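# Report on the structure
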Amino acid sequence: MTVDLVVRNCTVVTPAGRTPNGGVAVEDGTIVAVGRSDRLPDADRVVDADGNVLVPGIIDGHIHNREPGLEYKEDWESATRAAAAGGVTTVVGMPNTDPVIDRPDHLELKFERGEASAHVDFQSYAVVTSENIDQIPAIDEAGALGFKIFLGSTVGDVPPPNDGEILEAMERIGETGKRLGFHEENGEIIDHYTEQFQAEGRTKPIDHSHSRPVIAEQEAVERMLTFAEETGAKIHMFHVSSGSAAEAVARGKARGVDVTAETCPHYLWFTEEVMREKGNVARVQPPIRDADEQARLWNALEEGAIDTIATDHAPHTPDEKKVDDPFGNTWDAISGFVGLETEVPAMLSFVDEGRFTLEEWVRRHSTRPAQVWGMYPQKGSLQVGTDADFTIIDPDAEWTLTDRDTLHSKNCVTPFEGESFTGKAVTTVVRGEVVYEDGDVVGKSGYGTRVDVDTE
Ligand SMILES: [Zn+2]
């Protein structure tokens, strides 16, 4: 038997363990064998992985691909080019585009654009606002991966639902079987301190961080846990930034709430000192926290409060990020930065430091995101019969991101510029097609496909 593709001479790592001298065989985009290299079939194409590590394709469940409507920042083609180069095989786009993804036809538009130009597989969330709760069943039918509510004002001017509307939305989403995620910051607390700080003339980058205190995040988590306990809804906390919020998630899990949570590499890598070192380049919402909150976030992650790693990849132009004057008036700058090409290196650097094992990393960065969002085992498993998505990594590669413009996004401002890493993705394979190897994106724009989800 001769199959389409075999990767051999690698250590295969899944959450269940590792196979040395292993490999994977692929036919028609599907995995047909996983195991020792010498037992794999012949293939039309053989990739020698050179002793590196092969893991199920990395899934980033939180990116802002900006299309439709904000293509001057990023689009499906550029975001998924960056994903391929970063070792990411599936991305999920956020709904605060233009138009916002709040109706079935807007979702279909977003999917059409992705089908036309994506390099890797993709999906999208739909937003729930104060104006579209009646649209939830139709949005579900149109194939959204899940739903998102922005608590408080955010980038994109999405009108936030009030607490009554959130309760009703949870009931309706519960009927779809899908999960509802939050931008969990209490808008009233933030608006109060933002106005106060601005009136006092506090304009430093660190002032932006302190205008969004940890209690704003923790309170929002606690309130949504209470609502989910009442309604039975499945909920998710995007971009948990603090130990206080992560500990609240842990308490919710302990009392049986179906809550999952995500954190991002920047909250684990930097402390708020980065605002004094790199200024508004590192401005993000929720903000990067102090060392105590970060240490407690790590503890909560290790103890299981945090399910998934994602980037909150959020490109803006250098002008919007005020890179020419990074310590200028923070209220003139914008929040967010790219992350698709530094998430795997950052997490592998933590593995190198012994913060967790390769297996524990793969679980949080591939298997759990697939499970949380209903894409498992098609994604995130490496099981025979599932999509042949995998990422080959060199865990020992030492390198520094010296020039952000070597990244593949349209706009590449990131606080990870200048940082040094141990580990990186060397080859990315999506449904059996090599989309990135030898430092080049070799896949075709338009190859990426929407991931079908079935929560029935
Ligand atoms: Zn985001």
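Residues numbered from 1 in each chain as written. Predicted model: local features only at pLDDT ≥ 70, side-chain atom pairs only at ≥ 80, totals over all residues. Heavy atoms only, no water.

Under an unreviewed UniProt entry, the name given to the chain is Dihydroorotase, and the organism recorded is Natrinema hispanicum. Of the chain, the UniProt comment under Subunit (unreviewed entry) reads exactly: "Homotetramer." (UniProt positions renumbered as here; feature names shortened; annotations may be inferred.)

### Some points on empty space enclosed by the protein
With the rule as written, the count across this model stands at four cavities of 30 Å³ or more. As a volume, the second largest cavity reaches approximately 50 Å³. Lining the second largest cavity, in full, are Pro265, His266, Thr311, Phe337, Val338, Gly339, Thr342, Glu343 and Phe416. Looking at the lining of the second largest cavity, its residues break down into four nonpolar, four polar and one charged. (1 Å grid on protein atoms, 1.4 Å probe; cavity = no way out; pocket = protein on both sides within 12 Å on 5 of 7 lines; lining within 4 Å. Points joined across faces, edges and corners; volume = space filled by probe spheres on them. Nonpolar A, V, L, I, M, F, W, Y, C, P; charged D, E, K, R; others polar.)

### So, the packing of aromatic side chains
The geometry of two aromatic rings is summed up by the distance between their centres and the angle between their planes. Inspection of every chain in the model, using the stated rule, returns 13 aromatic pairs. Ring geometry for Trp76 versus Phe122: centroids 4.9 Å apart, planes at 45°, classification tilted. Within this pair, whereas Trp76 is found in helix 1 (residues 76-86), its partner Phe122 is found in strand 8 (residues 121-127), the two being separated by 46 residues in sequence. Phe122 shares its class with Trp76; the two are buried. A centroid spacing of 5.0 Å and a plane angle of 50° characterise the contact between Phe270 and Phe416, whose relative ring orientation is tilted. Residue Phe270 is found in the loop between helix 9 (265-269) and helix 10 (274-277), and its partner Phe416 is found in the loop between strand 14 (390-400) and strand 15 (420-430); the two are separated by 146 residues along the sequence. On the basis of relative accessible area, Phe270 is assigned to the buried category, the value being 5%. Cluster of aromatic residues (ring-pair linked, three or more members): Trp269, Phe270, Trp298, Phe350, Phe356, Trp399, Phe416 and Phe421. For the cation-ring pair, Arg202 lies above Phe197, with the distance from its terminal atom to the ring centre recorded as 3.8 Å. (Phe/Tyr/Trp six-rings, centres within 6.5 Å; stacked < 30°, edge-to-face > 60°. Helix = DSSP H or I, 4+ residues; strand = E, 2+ residues; numbered from the N terminus. Buried < 20%, exposed > 50% of the residue type's maximum accessible area, 1.4 Å probe, protein only. Lys NZ or Arg CZ within 6 Å of the ring centre and 35° of its normal.)

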